[in-house]
Amino acid sequence: TEYISTGELAELMGVDVSEVISTLFNAGMIVSINQRLDADTIQFVADEFGYEVEFITDYNELEIEIPEDRPEDLQPRAPIVTVMGHVDHGKTSLLDYIRNTNVVAGEAGGITQHIGAYHVELPDGRHITFLDTPGHEAFTAMRARGAKVTDIVILVVAADDGVMPQTIEAINHAKAAGVPIVVAITKIDKPEANPQRVMQQLAENGVLVEQYGGQVQCALVSAKTGEGIDDLLEKVLLEAELHELKANPDRPAVGTIIESRVEKGRGNVATVLVQNGTLRVGDPFVAGVTSGRVRAMFDERGNRVEVAGPTIPVLVLGFDELPEVGDQFVVVPDEKEARAIAQKRQQIRREQMLRKQRRISLDEISRRM
Ligand code: GDP
Ligand code: MG
């Protein structure tokens, strides 16, 4: 089993990733920043830097084996994109502009409701799914749960403000997760906009855009006038093509919980981003430590949908209990089995929490002594 990447391990210990890489190099191992490390290697590095490691089994990984797809069953799929960047640099405006000017896949009509993700169809028939949850928190929360949802990060930097602390944080998150970046220098309609300065600041922070002789694609956009947004989407799709994203629509659905809440009259509802397979009304499922059966599904316009294929986000009704953001959602053969798996996971989680509590109280005792 492989766990976190070299970059993530360095981030957790608060040391520079180059120190981790050189420590491993001195021990005869050549690793890259995005490489996932096995338990022995993590243990070794932690020892070297004076950290203790505890491997906690995530309940998402218990009791269900998800079979691999055969290569011949895989079909191209849309990219799943997260927009990140400093506060007030224009993330929401950009997402809204794209949502409002492109056909949202599915039927027209209905009032747009926030479900944490949306799927657009461009005029030429290509598709992109955007995660519409407040950038960093959602990305970090999901990654902390081991959920790999994002294919591409759009890094938004305001042309009038430049690289700021949360810009750097976003760069670090994307790099540690090994997710490619496409830069959107936004607010270029403003008189004080200075995209050249932004590109230079990005270069100083390890992001070399193509205009600077680097590999990272970069579009100049305005969410006010719409300038450059087609170009940005084109670049996102080009980046997606490089990664040959694929899924198998002809299998039971596997996805991730993007949002969850209790709604009056509807009970527990959650947005499921289907990542593989096709989800249908009536499907029994396990999601984290809860289970259920899909009673109804809605798209972000509130239209009822019967099926949702790979990369389609849907609001799902029918959860026995509220799932957590980042929980894996897996369709299983029947509801009874779903319930049994959920119960088993709940029990294991209780035991893990108990162990943790015991350890904390022991720690506290030793601190007081
Ligand atoms: P967020 O915090 O990153 O989500 O930023 P917002 O999308 O809320 O934008 C912050 C402010 O910048 C708002 O007042 C927007 O109207 C403004 N804004 C966003 N994009 C643009 C743009 O392209 N041009 C101009 N002139 N203003 C923008
Ligand atoms: Mg916002």
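Conventions used here
- Residues numbered from 1 in each chain as written.
- Chains lettered and ligands numbered in written order.
- Predicted model: local features only at pLDDT ≥ 70, side-chain atom pairs only at ≥ 80, totals over all residues.
- Heavy atoms only, no water.
- Salt bridge = Lys/Arg side-chain N within 4 Å of Asp/Glu carboxyl O.
- Helix = DSSP H or I, 4+ residues; strand = E, 2+ residues; numbered from the N terminus.
- Buried < 20%, exposed > 50% of the residue type's maximum accessible area, 1.4 Å probe, protein only.
- 1 Å grid on protein atoms, 1.4 Å probe; cavity = no way out; pocket = protein on both sides within 12 Å on 5 of 7 lines; lining within 4 Å.
- Points joined across faces, edges and corners; volume = space filled by probe spheres on them.
- Nonpolar A, V, L, I, M, F, W, Y, C, P; charged D, E, K, R; others polar.

- If you look the protein chain up in an unreviewed UniProt entry, it shows as Translation initiation factor IF-2 from Rhodothermus profundi.

### A closer look at the pattern of salt bridges
Right, on to step 1. Counting across every chain of the model gives 21 salt bridges.
Right, on to step 2. Two residues, R251 and D69, come together in a salt bridge whose shortest N-O distance is 3.1 Å. With R251 in the loop between β11 (246-247) and β12 (254-263) and D69 in the loop between α3 (39-49) and β3 (75-76), this pair connects stretches of sequence that are 182 residues apart.
Right, on to step 3. Residue D69 is classed as partly exposed on the basis of its relative accessible area of 21%.
Right, on to step 4. Between D96 and R99 there is a salt bridge, with the nearest N and O atoms lying 3.3 Å from each other. On the criterion of helical spacing, the pair formed by D96 and R99 is a turn pair, its members being 3 residues apart in helix α4 (residues 91-101).
Right, on to step 5. Residue class for R99 comes out buried when judged on its relative accessible area of 9%.

### Here we look at the layout of surface pockets
Any space left empty among the atoms is revealed by the rolling of a water-sized probe across them.
Right, on to step 1. Within this model, the second largest pocket holds a volume of roughly 280 Å³.
Right, on to step 2. Taken together, 15 residues make up the lining of the second largest pocket; nearest its centre are P76, R77, A78, P79 and L237.
Right, on to step 3. For the lining of the second largest pocket, the element with the highest residue contribution is helix α8 (residues 229-242), accounting for 3 residues.
Right, on to step 4. Taken together, the residues of the lining of the second largest pocket break down into 8 nonpolar, 3 polar and 4 charged.

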